Amino acid sequence: MTLTQFAQVSIVAAACLGAIGSANAQRAGSITIEGGITTLTPKVTSGDLSAPAFPNSKSDVKADTQLTGAVNYSMTDNIVFSLPVGAGFKHDIVGAARIEALGKIGEVKALPITLLAQYRFGAAEATIRPYVGVGATYAKFYGTKGTAALTALTAPGSAGTTLTIDSKFAGSLQVGAVFNVNSKIYLNANAIKTFLSTRTNLSSGQFIDAKIDPLALTFAIGTKF
């Protein structure tokens, strides 16, 4: 299901559920859980592959979409702690700039572990509640693989170039809005921007530094306990 299709389903669900009851949203002490879909799009600013390499040899990272969830705790009617959860994302690493024609040069699995403190505007019983959030992310990278194209670029004739990506802590900002359908059900749409820099290390002895700065867009349906 694409993000557009999910958004359409969410709108229909809101219309159908709206008649169930008046909005009585997340109050102090409440716990909510949600499930939805997230597209994680790295916004890469790549450095050059270290010597020996052609000048202007850079990399890029493609987006991925996965099912995700979140657990939220309302400390007050307006302050909420949110823990997004998921099984992680799988990204293709591709050549950029001078080596763009190489196409895919590797792949990596990423598990962003994020904790956010949100401020939700308006009263707890409001139907629509915009919010902002700030927090920290630990970006865990694992399951990396290099391709034949990477080997041809960095160590032709070898058994194959492998790579690792440094896992790092980074700051995150969030903006979103909750639509309270009734006292139990709500829809949530949000964007999280993480400011992440890391290094990719190659078995050839080369490396490449890059700002990843991923943007996560999430649409979810939640319930209150």
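Below, the structure is looked at part by part.

So, how was this worked out
- Residues numbered from 1 in each chain as written.
- Predicted model: local features only at pLDDT ≥ 70, side-chain atom pairs only at ≥ 80, totals over all residues.
- Heavy atoms only, no water.
- Helix = DSSP H or I, 4+ residues; strand = E, 2+ residues; numbered from the N terminus.
- Buried < 20%, exposed > 50% of the residue type's maximum accessible area, 1.4 Å probe, protein only.
- Contact = heavy atoms within 4.5 Å.
- Areas by Shrake-Rupley, 256 points an atom, 1.4 Å probe, with all protein chains shown as cover.
- Pairing = 2+ DSSP bridges.
- Core = buried A, V, L, I, M, F, W, Y, C linked by side-chain atoms within 4.5 Å.
- Phe/Tyr/Trp six-rings, centres within 6.5 Å; stacked < 30°, edge-to-face > 60°.
- Patch = residues over 30% accessible without salt bridge, like charges linked within 9 Å, V, L, I, M, F, W, Y side chains within 5 Å.
- Salt bridge = Lys/Arg side-chain N within 4 Å of Asp/Glu carboxyl O.

**Some points on the overall build of the protein chain**
Here is step 1: Of the regular secondary structure elements, the protein chain holds 2 helices and 14 strands.
Here is step 2: Looking at the 225 residues of the protein chain, the share that counts as buried comes to 40%.
Here is step 3: Residue pairs in contact within the protein chain that sit at least 24 positions apart in sequence constitute 70% of those at least 6 positions apart.
Here is step 4: Here the protein chain has roughly 10,900 Å² of accessible surface; of this, 65% comes from carbon and sulfur atoms.

**A closer look at the sheet that holds strand 13 (residues 207-211)**
Here is step 1: Pairing in this open sheet of 4 strands is antiparallel, and the strands run 2-13-12-9 from one edge to the other. Edge positions in the sheet fall to strand 2 (45-46) and strand 9 (163-165), since each has one partner strand and no second.
Here is step 2: Strand direction decides the pairing type here: strand 2 and strand 13, joined by 2 bridges, are antiparallel. Bridging across to strand 13, T45 finds its partner in K211.

**Thoughts on the nonpolar core**
Here is step 1: Within the largest apolar cluster, 17 residues are counted, with the highest numbers of intra-cluster contacts made by I93, F141, L163, I165 and L196.
Here is step 2: When contributions to this core are tallied by element, the ones reaching two or more residues are strand 7 (104-120), strand 8 (128-146), helix 2 (148-154), strand 9 and strand 13.
Here is step 3: In terms of residues, this core owes the most to one element, strand 7, which gives 3 residues.
Here is step 4: Apart from the residues lying within four places of it in its own chain, the contact partners of F141 are V108, K109, A110, I165, D166, S167 and L196.

**Section: the packing of aromatic side chains**
Here is step 1: In the structure shown here, the tally under the stated rule is 2 aromatic pairs.
Here is step 2: Centroid distance Y119 to F121: 5.1 Å. Interplanar angle 75 degrees. Geometry classified as edge-to-face.
Here is step 3: A relative accessible area of 38% means that Y119 is categorised as partly exposed.
Here is step 4: Here F121 falls in the partly exposed class, since its relative accessible area comes to 38%.
Here is step 5: Centre to centre, the rings of Y138 and F169 are 4.7 Å apart; their planes meet at 50 degrees, and the pair counts as tilted. Residue Y138 is found in strand 8, and its partner F169 is found in strand 10 (residues 168-180); the two are separated by 31 residues along the sequence.
Here is step 6: On the basis of relative accessible area, Y138 is assigned to the partly exposed category, the value being 27%.
Here is step 7: Take F169: its relative accessible area is 66%, and that puts it in the exposed class.

**Considering a nonpolar patch on the surface**
Here is step 1: Together, I31, I33, V71, Y73, M75, F81, L83, V85, L115 and F225 give the surface a local cluster of nonpolar side chains, amounting to about 890 Å² of exposed area.
Here is step 2: Elements with a contribution of two residues or more to the nonpolar patch: strand 1 (31-41), strand 4 (64-74) and strand 5 (79-86).
Here is step 3: In terms of residue count, strand 5 provides more of the nonpolar patch than any other element does, 3 residues in total.
Here is step 4: Among the structural elements, L115 can be located in strand 7.

**Comments concerning unusual backbone geometry**
Here is step 1: Looking along the chain, the bond that leaves A51 and enters P52 is cis, with omega of 0 degrees.
Here is step 2: As for its placement among the helices and strands, P52 is situated in the loop between strand 2 and strand 3 (57-61).
Here is step 3: Residue A97 is not a glycine yet carries a positive backbone phi of 60 degrees.
Here is step 4: Along the chain, A97 falls in strand 6 (residues 89-97).

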